[in-house]
Amino acid sequence: MTPATTESKADLQSGFASALESLRKYTLIAIVAWTLMIAGIFTWTIYDQRNREFATALGVARAYFQKDQSVRQWGATQGGVYVKISEHTQPNPHLKNLPHRDVTTDADQKLTLMNPAYMIRQINERFSRMHNDYIHITSLNPLHDENEPDDWERSILKTFTKESDEFAQIVGFRGQPSLRMMRPMVTKQRCLKCHEQHGYKVGDIRGGVSIAIPMAPYRRDSSEQLLLIGTTHGGIWVCGLLGIGFYTRRARRHLEDRQQSIQSLAKANSYNRSVIGALGEGLLGFDAMGRLTFLNPAAVHLLGWKEHELLGKSIHGFIHYLKDNGEPCREDECPMLGVLHSGESHSSRDDQFMNRDRIALPISYIATPLFEQTRVVGGVVAFQDISEQKQSLQRIEYLAHHDSLTDLPNRVAFLEAVDNALANARRYGHGLALLFLDLDNFGVINDSAGHTTGDELLRQVAKRLRHEIRQPDLVARQGGDEFLILMVPVIKEKEKEDITRQLALNATGLAQRVLDVMHDPFLVEGSTYYIKASIGISLFPEDANDRVELLKNADAAMYTAKGDGRDTYALYAGDLAQRIQHRHMLETGLNQALIKQEFRLVYQPIVDLNDGKILAVEALLRLRSATLGDVSPVEFIPVAEECGLILPIGRWVLQTACRQMAQWFGMGMELRVAVNLSTLQLQREDLESSVLQALEDAQIPASMLVLEITEGATLHASPVVIERLQRLHDLGIGLSLDDFGTGYSSLSRLKNLPVDTLKIDKSFVDGVVTEQDDEQIVLTTIELAKNLNKRALAEGIESREQWQCLLRNGCQRGQGYFFSRPVEAVVIEELVRNGGHWNQIPS
Ligand code: C2E
Ligand code: MG
Ligand code: MG
């Protein structure tokens, strides 16, 4: 557990304790308030009751007073009442001056006049005795002792003024609480009759009427009511307390439940935090306004911002304001914030966030809206850094579309580009050209100089091609030593009428430029290499309508270029397909020819140019196929070389030539035979053994054999091949450099080659009479041979002029139709038998 979670746990505990304390406090306050309220109400009720008691007693007192007054007034009005003289009613001495104080009735009943005041006093005394109430007339100057005021009455009487009306109070009286009321007695006119003599005038206060009513009976009644009210209030109070207790209990349980929920939540929260914290995925939360509300550690780490720097900031404005294509994105178009409106999740496999350094971080994400009931209140984004994934995807993508050796686009990428270009060409009505380039002699170099050199050469070829190609053209490596070029010509408006012609011109122009740049020697680790190429061109829409056809026809055209002598280009022509078919037939035919022994050798005499004497013969291969008829070696040798059949064929030629020599030898003809070797044979380790085997099988000396190797084959010959040639030469085998002058041999290389003869190529002999350049080349070659201590031999002499010219220039040996065509062995035998001179050959 982290310190943070421990802290929050302590916070939770103390929060709960203080909530409990508050609950206790409020419960106490509620109890006190409730009690005070009930007590207040009860007290008020008592007070009210007391007031009522007082009012009732006062009402009674007032009634007594009114009655007393009425009787008194009545008595005063009547002037007195005659009563029987008795023990209790004696004549009043104060009235002795009245003549009629005492009277005797007819029935001799003695009556005396009773003073109304006296009478009322008598009534009141009796009333008091009967009802326990007290009515007393009193004065500060009483006429009778009975009217003497008590202390309370005196104190009240002293306060009376003319305006005084009434005074009432509950005080102790006769040992019990009683309502005591007093009203002043104000002298009226009628009172003067009796009281004038006492010196009173109208308006004087003579005294007061004092009434006392014991409160006990009223209190008894109200006590019963108070008991009832008190019981009810007590009940209500208890109910209230129970309610408070119940509420407190509920509140406490609620608090405990809440505490438990909070603890569970805190636990879940802490667990979630740990999980979210441990997530490698970045998590971002945002509110309904798109402002960031949380980031997990992975998000902080990936984005480089501190958490507090981003919280409250707009997710769009700060980290996600670019579209996945890198263009600025408006906030209302932001798909991530779109979940706030759509209420549905949104994911993207390829998007980007901006990190703190304002560098785009490639990400994939899923944004999910957060709901409260049905309202979207925010969202959560889970995202992953896909930089590495993207880089490896880009790498894979790159590798899938590029050739690892040359870094050029590969065939797949090229074909895709062709598809696009074709779509555009169709839409805008322009043409396309596809160039298929094959290196002519790369296989030989690769085999002889090694694959490392071969690879480097391919890289250099690619570099030259790339350099030669301009946008929007595209160069790609098809594989091996084959390259493809897509040309999208920029055709000017005025040229539109003759698109095809223009396209062909552009394409052939490009092909020629490519061939030209190939002519410069290639340098690899100090060695010089010459590479030539054949280029086939097919045009859209002239030659093909789709990429398959375009490619196929360019390939076919490339074979035409090869057939045309290589180092050239050819435009696709309609009958090419037939030629390709023919090539395939040729390949099949060559296989069958080997089995069916359809090959034979013819021999062309090599003569001494001085006298025409046959010095040797060159064995030349012929094929008369049952299926193909007669096929020229010019046609079938390249095919045999390409499909490797040249090796068994070459072996057969060697053996047959040697056997023929042996046969001639047996016939007494010592005729050297020159056998042509393919470059492929030269590369083979078993060359020596197969040559020796052929010589041994035929039982002829090595010196009888001459091997012809083309100048081109020696150009890139490795030291191993040179050594091999040297060993053959050391055995006594003659070596001739065929087609000399066509292969750009350097003098230093020539010097080191163990050859005896330089065979001047027919192309120079052809022009030796007519072309000054050719004559110069021939002459130079003859001189060169002389200087290098080698022989010069002219090929393809067809005319007397050529013969004489060559002879004049110092060439001693030659061959050509002028002397003899290649002929069957028997013809050679016949020639030799007849003297062995050219001029004896039948024409
Ligand atoms: P090459 O070795 O340079 O042979 C000379 C070619 O020139 C021969 O053609 C020959 O018939 C031809 N020729 C000779 N004198 C004249 C002439 O006065 N006028 C004309 N127009 N042509 C002349 P061929 O027999 O058709 O052979 C062509 C090439 O085929 C040879 O050129 C050689 O490179 C290759 N070849 C022929 N036989 C073999 C073989 O057994 N093995 C290998 N590897 N290549 C062979
Ligand atoms: Mg030859
Ligand atoms: Mg030749």
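Residues numbered from 1 in each chain as written. Chains lettered and ligands numbered in written order. Predicted model: local features only at pLDDT ≥ 70, side-chain atom pairs only at ≥ 80, totals over all residues. Heavy atoms only, no water.

Novice: How would you sum up the coordination of the magnesium ion (ligand 3)? Please name residues and give values.
Specialist: Six octahedrally arranged donors around a metal ideally form angles of 90 or 180 degrees; four tetrahedrally arranged donors ideally form angles of 109.5 degrees. Binding of the magnesium ion (ligand 3) to the protein goes through Asp738 (OD), Asp739 (OD), Glu795 (OE) and Glu795 (OE), at separations of 2.1 to 2.5 Å. Each donor residue of the magnesium ion (ligand 3) belongs to the same chain, with the gaps between them written as D-D-x55-E. The magnesium ion (ligand 2) is placed at 4.1 Å from the magnesium ion (ligand 3), the two being bridged by Asp738. (Donors = N, O, S within 2.8 Å, 3.2 Å for Na, K, Ca; no water.)

Novice: Quick one: what's the story with the domain arrangement of the protein, residue by residue and with numbers?
Specialist: Once the domains are mapped, the protein shows domain 1 (279-391), domain 2 (402-574) and domain 3 (604-621 + 641-840). When each unit is reduced to the centre of its C-alpha atoms, the spacing between domain 1 and domain 3 is 81 Å. (Domains from an automatic or database assignment.)

Novice: Describe the packing of aromatic side chains, naming the residues involved and giving the relevant values.
Specialist: Summed over all chains, the structure comprises eight aromatic pairs. Taking 4.9 Å as the distance between ring centres and 50 degrees as the angle between the ring planes, the aromatic pair formed by Tyr134 and Phe173 counts as tilted. Remark: Phe173 occurs in strand 5 (residues 167-173) and Tyr134 occurs in strand 4 (residues 134-138); sequence separation between them is 39 residues. Given the relative accessible area of 11%, Phe173 is considered buried. Ring centres of Phe599 and Phe636 lie 5.8 Å apart, and the angle between their planes is 50 degrees; this geometry places the pair in the tilted category. Taken as a pair, Phe599 in strand 20 (residues 599-608) and Phe636 in helix 17 (residues 633-642) lie far apart in primary sequence, 37 residues in all. The pair formed by Phe599 and Phe636 is uniform in burial state, with each residue classed as buried. Feature note: the residues Phe599, Phe636 and Trp652 constitute an aromatic cluster, connected by ring pairs. Positioned over the ring face of Tyr26 is Lys25, at 5.8 Å from the centre of the ring. (Phe/Tyr/Trp six-rings, centres within 6.5 Å; stacked < 30°, edge-to-face > 60°. Helix = DSSP H or I, 4+ residues; strand = E, 2+ residues; numbered from the N terminus. Buried < 20%, exposed > 50% of the residue type's maximum accessible area, 1.4 Å probe, protein only. Lys NZ or Arg CZ within 6 Å of the ring centre and 35° of its normal.)

Novice: Describe the nonpolar core, with residues and values.
Specialist: Ranked by size, the top nonpolar core spans 80 residues in total, and within it Leu705 and Leu707 carry the most contacts. If you tally residues by element for this core, the top one is helix 18 (residues 646-666), at nine residues. Discounting residues that sit within four places of it in the chain, Leu705 has contacts with Leu654, Cys658, Met661, Arg672, Val673, Val675, Val691, Leu695, Ile733 and Gly734. Listed in part, the 34 residues of the second largest apolar core include Leu439, Val475, Leu503 and Ile531. (Core = buried A, V, L, I, M, F, W, Y, C linked by side-chain atoms within 4.5 Å. Contact = heavy atoms within 4.5 Å.)

Novice: Explain the coordination of the magnesium ion (ligand 2) to me, and be specific about the residues and the numbers.
Specialist: At 2.0 to 2.2 Å from the magnesium ion (ligand 2) lie its protein donor atoms, namely Glu618 (OE), Asn676 (OD1), Glu708 (OE) and Asp738 (OD). In the primary sequence, the donor residues of the magnesium ion (ligand 2) line up as E-x57-N-x31-E-x29-D. Here Asn676 falls in the partly exposed class, since its relative accessible area comes to 28%. Judged by relative accessible area, which is 5%, Asp738 ranks as buried.

Novice: Explain the confidence of the model for the protein to me, and be specific about the residues and the numbers.
Specialist: Counting all residues, the mean pLDDT for the protein is 87, and 95% of those residues have values of 70 or more. Here helix 4 (residues 192-195) is the element of the protein with the lowest mean pLDDT, 75, and strand 23 (residues 672-676) is the one with the highest, 97. (pLDDT = per-residue confidence, 0-100.)

Novice: Please give an account of the pattern of salt bridges that cites residues and values.
Specialist: Overall, the coordinates contain 34 salt bridges when judged by the stated rule. Between Arg375 and Glu372 there is a salt bridge; the shortest N-O distance is 3.7 Å. For Arg375, a relative accessible area of 53% puts it in the exposed group. Ionic pairing is found between Glu783 and Lys786, a salt bridge with its closest N-O pair at 3.7 Å. Residue Glu783 and its partner Lys786 are both found in helix 25 (residues 772-787); the two are separated by three residues, about one turn of the helix. The network of salt bridges with shared partners includes Glu618, Glu708, Lys759 and Glu795. (Salt bridge = Lys/Arg side-chain N within 4 Å of Asp/Glu carboxyl O.)

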